[in-house]
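# Structural description and commentary
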Amino acid sequence: MTLSIRFDTTAIARTSNLFHAAGKNAPLALIRAVNHTGDKARTQMRRVLVDQTGLAIKTIRNAVKSKRAFNGGAYEIKARGGDVRLMFFKARETRKGVSAAPWNKRQVYPRAFMKGGQFPNRSGMVAGGAVVRRVGKGRYPLHGVKSGLFIPTEMISGSSEAAFYATVESQLPDRIAHELYRVLG
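Residues numbered from 1 in each chain as written. Predicted model: local features only at pLDDT ≥ 70, side-chain atom pairs only at ≥ 80, totals over all residues. Heavy atoms only, no water.

## Thoughts on the overall build of the chain
A count of helical and extended segments in the chain gives 5 helices and 13 strands. In terms of overall size, the chain is more extended than a compact globule, its C-alpha atoms giving a radius of gyration of 23 Å where 185 residues would be expected to give roughly 16 Å. Oriented by its inertia axes, the alpha-carbon framework of the chain measures out at about 75 × 25 × 25 Å. In the chain, the share of contacts with a sequence separation of at least 24, taken over all contacts with a separation of at least 6, comes to 59%. As presented, the chain carries roughly 10,800 Å² of accessible surface, and 52% of it is formed by carbon and sulfur atoms. Charge centroids of the chain, computed over 32 positive and 11 negative side chains, lie 13 Å from each other. (Helix = DSSP H or I, 4+ residues; strand = E, 2+ residues; numbered from the N terminus. Rg over C-alpha atoms; globule rule 2.2 N^0.38 Å. Contact = heavy atoms within 4.5 Å. Areas by Shrake-Rupley, 256 points an atom, 1.4 Å probe, with all protein chains shown as cover. Lys, Arg positive; Asp, Glu negative; His and termini not counted. Charge placed at Lys NZ, Arg CZ, Asp CG, Glu CD.)

In structure tokens:
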């Protein structure tokens, strides 16, 4: 999933004289403005995604990356990640199952576990701290429990999308004017 920066050109109508004065340096100023504003928008999206998804900021930073504009290209914010495992949502084991908080709403996943042994003396993490559930009657096989949350989908919906567009709309026109003045000296 990719978000591209789009903006209303009427917001930059006041800078049309600056574009004419900048001449051949105008594209450079636009690229600088788009990159600066895009970085701010990416930061705002990441901050909002932490609250929106319930994931740690480190996980969000690893999943949401950007590609800067150059030579007339587009600034892109990309997210990767499939169905996120429950272990990334502050999971903890209880008697009834595993409690985790995807979308920042804590819920219990029955018959899921993270440790071996019998209650109350559980010990040792199973599969590196992953949340698993038995499939069948025997001891094995075990399957990882997933949350149903997809970071790319969350990135382009809700408050994350609103934060992106709000940042771009409020910051980009002023940044374009700033960069044009900078090019003009």
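So that's the structure; there's more coming.
## So, the sheet that holds strand E11 (residues 132–134)
Strands sit in the order E8-E11-E12 across an open sheet of 3 strands; the sheet is antiparallel. Whereas interior strands pair on both sides, the edge strands pair on one side only; in this sheet they are strand E8 (112–113) and strand E12 (142–144). (Pairing = 2+ DSSP bridges.)

## Quick look at the pattern of salt bridges
This model, assessed by the stated rule, comprises 6 salt bridges. Salt-bridge contacts for lysine 78 lead to glutamate 76; the nearest nitrogen and oxygen are separated by 3.5 Å. Residue glutamate 93 is joined to arginine 122 by a salt bridge in which the shortest nitrogen-to-oxygen separation is 2.5 Å. Placement of glutamate 93 in strand E5 (residues 92–93) and of arginine 122 in the loop between strand E9 (115–116) and strand E10 (123–125) is noted, with a sequence separation of 29 residues between them. (Salt bridge = Lys/Arg side-chain N within 4 Å of Asp/Glu carboxyl O.)

## Let's talk about the sheet that holds strand E6 (residues 97–100)
One key point about sheets: their strands pair by backbone hydrogen bonds, in either a parallel or an antiparallel sense. Read from one edge of the open sheet, 3 strands run E5-E6-E7, paired in antiparallel fashion. Every other strand in the sheet has two partners, leaving E5 and strand E7 (107–110) as the edge strands with one partner each. The sheet contact formed by E6 and E7 spans 4 bridges and is antiparallel. By the bridge assignment, glycine 97 is partnered in E7 with proline 110.

## So, unusual backbone geometry
Residue tyrosine 140 is joined to proline 141 through a cis peptide bond whose omega torsion reads 5°. Unusually for a residue other than glycine, lysine 90 sits at a positive phi of about 50°. One non-glycine residue with positive phi stands out, namely tryptophan 103, at about 60°. Along the chain, tryptophan 103 falls in the loop between E6 and E7.

## Thoughts on helix H2 (residues 26–53)
Spanning 28 residues, H2 covers 39 Å between terminal C-alpha atoms, matching the ideal 40 Å at 1.5 Å per step. Remark: glycine 54 follows H2 within two positions and exhibits a positive phi of approximately 90°. (Expected span 1.5 Å × (residues − 1).)

## Some points on the packing of aromatic side chains
Within this structure, the stated rule accounts for 1 aromatic pair. Geometrically, the ring pair formed by phenylalanine 164 and tyrosine 165 is edge-to-face, given 5.0 Å between the ring centres and 75° between the ring planes. (Phe/Tyr/Trp six-rings, centres within 6.5 Å; stacked < 30°, edge-to-face > 60°.)

## Here's the deal with the pairing of E6
With 2 bridges joining them, E5 and E6 adopt antiparallel strand pairing. By the bridge assignment for E6, glutamate 93 is matched with valine 98. Linking E5 back to E6 in an antiparallel pair, the connection comprises 3 residues.

## Details of the environment of glycine 54
Looking at the element boundaries, glycine 54 is found in the loop between H2 and helix H3 (57–63). Each C-alpha atom of the pair glycine 54 and proline 102 lies 5.4 Å from the other, and the pair is 48 residues apart in sequence. Apart from the residues lying within four places of it in its own chain, the contact partners of glycine 54 are Leu49, Phe88, Phe89, Lys90, Ala101, Trp103 and Asn104.

## Re helix H5 (residues 158–184)
Relative to the 39 Å expected for 27 residues at 1.5 Å per residue, H5 spans 40 Å between its end C-alpha atoms, a close match to the ideal helical length. Glutamine 171 marks where H5 bends most, by close to 35°; the proline proline 173 follows one to four residues later. Every buried residue of H5 is accounted for by Ser160, Ala163, Phe164, Thr167, Val168, Leu172, Pro173, Ile176, Ala177, Glu179 and Leu180. Positive backbone phi, approximately 90°, marks glycine 185, located one or two places after H5. (Bend = angle between axes of the 7 residues up to and from the residue. Buried < 20%, exposed > 50% of the residue type's maximum accessible area, 1.4 Å probe, protein only.)

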